[in-house]
Amino acid sequence: MRIDIITVLPELLESPFNHSMLQRAKDRGLLEINLVNLRQYGLGKHKQIDDYQYGGGAGLVMMCEPIVNCIEQLKSERSYDEIIYMTPDGERLNQKTVNSLSIQKNLLVLCGHYKGIDERIRELLITKEISIGDYVLSGGELAAAVLVDAVGRLLPGVLNDETSALYDSFQDNLLSPPVYTRPEDFRGSVVPEILLSGHEKKIQEWRFEKAVERTQQRRPDLL
Ligand code: 6GU
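How each quantity is defined
- Residues numbered from 1 in each chain as written.
- Predicted model: local features only at pLDDT ≥ 70, side-chain atom pairs only at ≥ 80, totals over all residues.
- Heavy atoms only, no water.
- Helix = DSSP H or I, 4+ residues; strand = E, 2+ residues; numbered from the N terminus.
- Contact = heavy atoms within 4.5 Å.
- Core = buried A, V, L, I, M, F, W, Y, C linked by side-chain atoms within 4.5 Å.
- Buried < 20%, exposed > 50% of the residue type's maximum accessible area, 1.4 Å probe, protein only.
- Domains from an automatic or database assignment.
- Near = heavy atom within 4 Å.
- Polar contact = N/O pair within 3.5 Å; in protein donor to acceptor, adjacent residues only side chain to side chain.
- Areas by Shrake-Rupley, 256 points an atom, 1.4 Å probe, with all protein chains shown as cover.
- Nonpolar A, V, L, I, M, F, W, Y, C, P; charged D, E, K, R; others polar.

## Quick word on the side chain of Thr 97
Next up, step 1: Tracing the sequence through the fold places Thr 97 in helix α3 (residues 95–101).
Next up, step 2: If we ignore the near neighbours within four places in the chain, the residues touching Thr 97 are Glu 91, Lys 128 and Ile 130.

## Let's talk about the nonpolar core
Next up, step 1: Counting 30 residues, the largest nonpolar core has Ile 3, Ile 5, Phe 17, Leu 31, Met 86, Val 109 and Leu 147 as the members making the most contacts within it.
Next up, step 2: Only β1 (2–7), α1 (20–27), β5 (82–92), α3, β6 (106–111) and α5 (141–152) provide two or more residues apiece to this core.
Next up, step 3: Residue contributions to this core peak at seven residues, all from α5.
Next up, step 4: Excluding anything up to four places from it in sequence, Val 109 contacts Ile 3, Asp 4, Ile 5, Ile 6, Ile 84, Met 86, Ala 144 and Leu 147.
Next up, step 5: Counting residues in hydrophobic clusters, the runner-up holds 21 residues, among them Leu 38, Cys 70, Leu 108 and Ile 126.

## Quick notes on the domain arrangement of the protein chain
Next up, step 1: Looking at the protein chain, the domain boundaries give domain 1 (2–152) and domain 2 (169–222).
Next up, step 2: Each of domain 1 and domain 2 has a C-alpha centre, and these two points are 37 Å apart.

## A word on the site of the ligand
Next up, step 1: Residues in contact with the ligand, as listed here, are Met 86, Thr 87, Pro 88, Ile 130, Ser 131, Ile 132, Gly 133, Tyr 135, Val 136, Leu 137, Gly 139 and Ala 143.
Next up, step 2: Contacts to the ligand include Leu 137, whose backbone N or O atom sits 3.0 Å from a nitrogen atom.
Next up, step 3: A total of 290 Å² of accessible area belongs to the ligand in isolation, and the protein chains cover 96% of it.
Next up, step 4: Contributions of two or more residues to the shell around the ligand are made by β5 and β7 (128–131).
Next up, step 5: It is β5 that provides the largest number of residues to the shell around the ligand, a total of three residues.
Next up, step 6: Of the residues in the shell around the ligand, the class split is eight nonpolar, four polar and no charged.

Here it is, written out as structure tokens:
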């Protein structure tokens, strides 16, 4: 998969993908991430990318020309399965969307800033709008990092144990069951006996039961 990310702050996105799973995905040639600095497409000698909004009001709006020129340039080089705009008023990201994006070949992600982007860009070029939750970030970059991480770890060959994504929280609309490692007794708090039994079928049943219980308690909306 290739993901192109259009941003005014490429520095902010340089580190998040250089560690752990995402680094492994890149090393194995499963994931290519290309940061595009929107400033290059800015207008005039100041490379302007934003301007005051019509109708007045505080806050700058990202202009049509730099973004449209940038996207058109990228589209002339390859075709995209989705052109995603990261915005707090987008559809809230969930595992289902992450799963469906993880089977695409080319994604283009646009990070918004300030008061957002000129509405006409959304009408003309954006195919999907994504928010990562009901709170406001100062820009779309950290949200894009969240999206790319969630998608990148699902690419076949990225996870060590390929089945492990199957047991992720949310993968079947259930939260994960509790997990334990050594020692067996930590300050008097002990690991549930069933997990020490070696009884694989019973352990699976226990985990499922705990997953349902935890989901009921914490996220009944998922059931
Ligand atoms: Cl995608 N962008 C911004 N600026 N804030 C957000 C968001 C995105 N998702 C949640 N809050």
